[in-house]
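Structural overview
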2 protein chains.
Amino acid sequence: MAGKKQFDMDTALDAAMIQFWRAGYANTSVDDLSRATGLNRSSIYSSLGDKDTLFLRCLDRYAARYGEKYDAALSCAASEPLTAVRAFFDVTLGRIADPELPDGCLVAQSAMAIPVLSPSVAAHVKEALGFQRSRLRAALKAGRLTDQDAEAFAEHVAAVNQSLAVMSRAGASPAQLLAIVGVTVDALSQALRTRDQHPRATSAEPTTR
Amino acid sequence: MAGKKQFDMDTALDAAMIQFWRAGYANTSVDDLSRATGLNRSSIYSSLGDKDTLFLRCLDRYAARYGEKYDAALSCAASEPLTAVRAFFDVTLGRIADPELPDGCLVAQSAMAIPVLSPSVAAHVKEALGFQRSRLRAALKAGRLTDQDAEAFAEHVAAVNQSLAVMSRAGASPAQLLAIVGVTVDALSQALRTRDQHPRATSAEPTTR
DNA sequence: CACATCTTGAACTGATTGGTTCAAGATAGG
DNA sequence: CCTATCTTGAACCAATCAGTTCAAGATGTG
């Protein structure tokens, strides 16, 4: 079983990511990773680095993969901000509904463990959450929200998105998760409607830039 | 140092609770608990039970203590539902702002770890979250919300409350946390106003948030 | 003073942790 | 076929884990 590359790096990284995602950093041993990836214990260290390094790679992998999906979902924010935020939540709800994937969210889980994570890992987690806020802020500003509303909704939507991770772990039904985001979506809808009908506050008229 | 009760049970339980709260179940060893409580390793087992039992006691202690505060905050829901929900969030925000206490929330952290917790602990976590939803549902129904709105807002408010745990762990500022709950409070305010002005419809007129 | 009661620290068990090393074996290119 | 290259499993290390045991010592009561 040797001589050339015996395993697929992407498959192995995905398996490791899912293991960390399901059980968390503290509850994942190198043996668990070995089992999950099918890679030998020594192969993990030689090919994927030690536990901390591997976790960092998985975290970045997770952030990149779903970051792309969140970006795509928000891409229509300028013309259809409400649709964009709905699509944003659908990324998370779809992920939770996928039986192939664990519930929760690797970033949320890691954020909860920040006090006991290494500083570099903690920094990556905070960075990932910062990116999430940024893309939401940019999308909402590109939509028809005032800067102030965009800031507030960016924080709120990012937080509600994280709350889905907690609630899904506790066994919340899809209907319950929908109720959670529904209130937020309605609030955004209301804010957009208000801005349309009373156009004079901080910035210009609503446009479709 | 013996002969009679050498330690205060409540103090010890509080110390253990805070240790679990800060570091989580998986990242807390019995030695950590010994250090935190000041109790001897063998005293912990004889007086507080094994790690799992002690964690369960801490979890229930946490749920009871803050459950009371949440109940008190919601007690004025019938006459002042908006004030009640603000007070509800203030319980969490005040707890996060308290430098004596860890950030986050023991229930939220435990919920995230459900896949790797013992079944009995997992059941207690789900129960605690269920209680939270129940008290919110009851309060909102006692207020002026329709049953349907009360259900949705109960889910939403409970979830947003959990999101504060995640975001505070990631270093969110008090202002950011306020922005998160602000959107929810505004949404509730809107729902209440709508109900007052259109006692049967679901949509609303624009108002200034 | 003496006894009974309780707590304490320390030692111990067996399992598991992250991390390393290395000989055996499988493969590919020559 | 032969050799260089790579992977593998297993063994090993020191540290830590949860959990137990127990003699030594401190205390309150008689």
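Now for the overall build of chain A. Counting its regular elements, chain A contains nine helices and zero strands. With the C-alpha coordinates aligned to their principal axes, the bounding extent of chain A is approximately 70 × 30 × 30 Å. Going through the 209 residues of chain A one by one, you find that 44% of them count as buried. When contacts within chain A are restricted to residue pairs at least 6 apart in sequence, long-range pairs at least 24 apart make up 62% of them.

Our next topic: the interface of chain B and chain A. Opposite the 44 residues of chain B that make contact, chain A presents 44 residues. Elements with a contribution of two residues or more to the side of chain B that touches chain A: helix 1 (9-23), helix 6 (106-112), helix 7 (119-142), helix 8 (147-169) and helix 9 (174-197) of chain B. Of the residues forming the side of chain B that touches chain A, the biggest block, 12 residues, is contributed by helix 8 of chain B. Each residue belonging to the side of chain B that touches chain A can be placed in one class, and the counts come to 24 nonpolar, 13 polar and seven charged.

Right, let's get into the nonpolar core. By size, the foremost hydrophobic cluster in this structure holds 125 residues, and its most contacted members are V107 of chain A together with V107 of chain B. Setting aside anything within four residues of it in sequence, one finds V107 of chain B in contact with Y62, A63, V125, A128 and L129 of chain B.

A few words now on the relation of the copies chain B and chain A. Mapping chain B onto chain A calls for a rotation angle of 180 degrees and an axial translation of 0.0 Å; the resulting RMSD is 0.0 Å. Look at the turn and shift together and you get a two-fold axis relating the two. Interface overlap between copies: 89% of the residues of chain B at the interface are likewise at the interface in chain A, consistent with a symmetric, same-surface contact.

So, about the environment of L82 of chain A. Residues and elements named next belong to chain A. Relative to the elements of secondary structure, L82 occurs in helix 5 (residues 81-97). For L82, a count of 18 C-beta atoms within 10 Å puts it in the partly exposed group. Each C-alpha atom of the pair L82 and R144 lies 9.8 Å from the other, and the pair is 62 residues apart in sequence. Dropping the residues within four chain positions of it, L82 is found in contact with V185, L188, S189 and L192.

Moving on, we get to helix 8 (residues 147-169) of chain A. Residues and elements named next belong to chain A. Taking 1.5 Å of rise per residue, 23 residues should cover 33 Å, and helix 8 covers 34 Å from first to last C-alpha, within 8% of that figure. With 20 of 23 residues buried, helix 8 is to be regarded as a mostly interior element. With its phi angle positive at about 90 degrees, G171 sits one or two positions after the end of helix 8.

Right, let's get into the packing of helix 4 (residues 51-74) of chain B against helix 7 of chain B. All names here are of chain B. Their axes nearest at 10 Å, the elements helix 4 and helix 7 cross at an angle of 5 degrees. What the angle tells us is that helix 4 and helix 7 run roughly parallel. Contacts between helix 4 and helix 7 involve D52, F55, L56, L59, D60, A63, G67, Y70, D71 and L74 on the former and, on the latter, S120, V121, H124, V125, A128, F131, Q132, R135 and A139. Here the residues of the contact of helix 4 with helix 7 are counted per class, giving 11 nonpolar, four polar and four charged.

Time to look at the confidence of the model for chain A. Across chain A, the average pLDDT comes to 91, with 90% of residues at 70 or higher. Here residues 200-209 of chain A is modelled with pLDDT under 50, and outside its nearest four sequence neighbours on either side it reaches 14 contacts, counting other chains as well.

Criteria and thresholds
- Residues numbered from 1 in each chain as written.
- Chains lettered and ligands numbered in written order.
- Predicted model: local features only at pLDDT ≥ 70, side-chain atom pairs only at ≥ 80, totals over all residues.
- Helix = DSSP H or I, 4+ residues; strand = E, 2+ residues; numbered from the N terminus.
- Buried ≥ 20, exposed ≤ 12 C-beta atoms within 10 Å, placed from the backbone.
- Contact = placed C-beta atoms within 7 Å.
- Nonpolar A, V, L, I, M, F, W, Y, C, P; charged D, E, K, R; others polar.
- Core = buried A, V, L, I, M, F, W, Y, C linked by C-beta atoms within 7 Å.
- Least-squares fit on C-alpha atoms with pLDDT ≥ 70 in both.
- Expected span 1.5 Å × (residues − 1).
- Axes fitted to C-alpha atoms, helices over the stretch in contact; angles between N-to-C directions.
- Parallel < 35°, antiparallel > 145°, perpendicular 65-115°, else oblique.
- pLDDT = per-residue confidence, 0-100.

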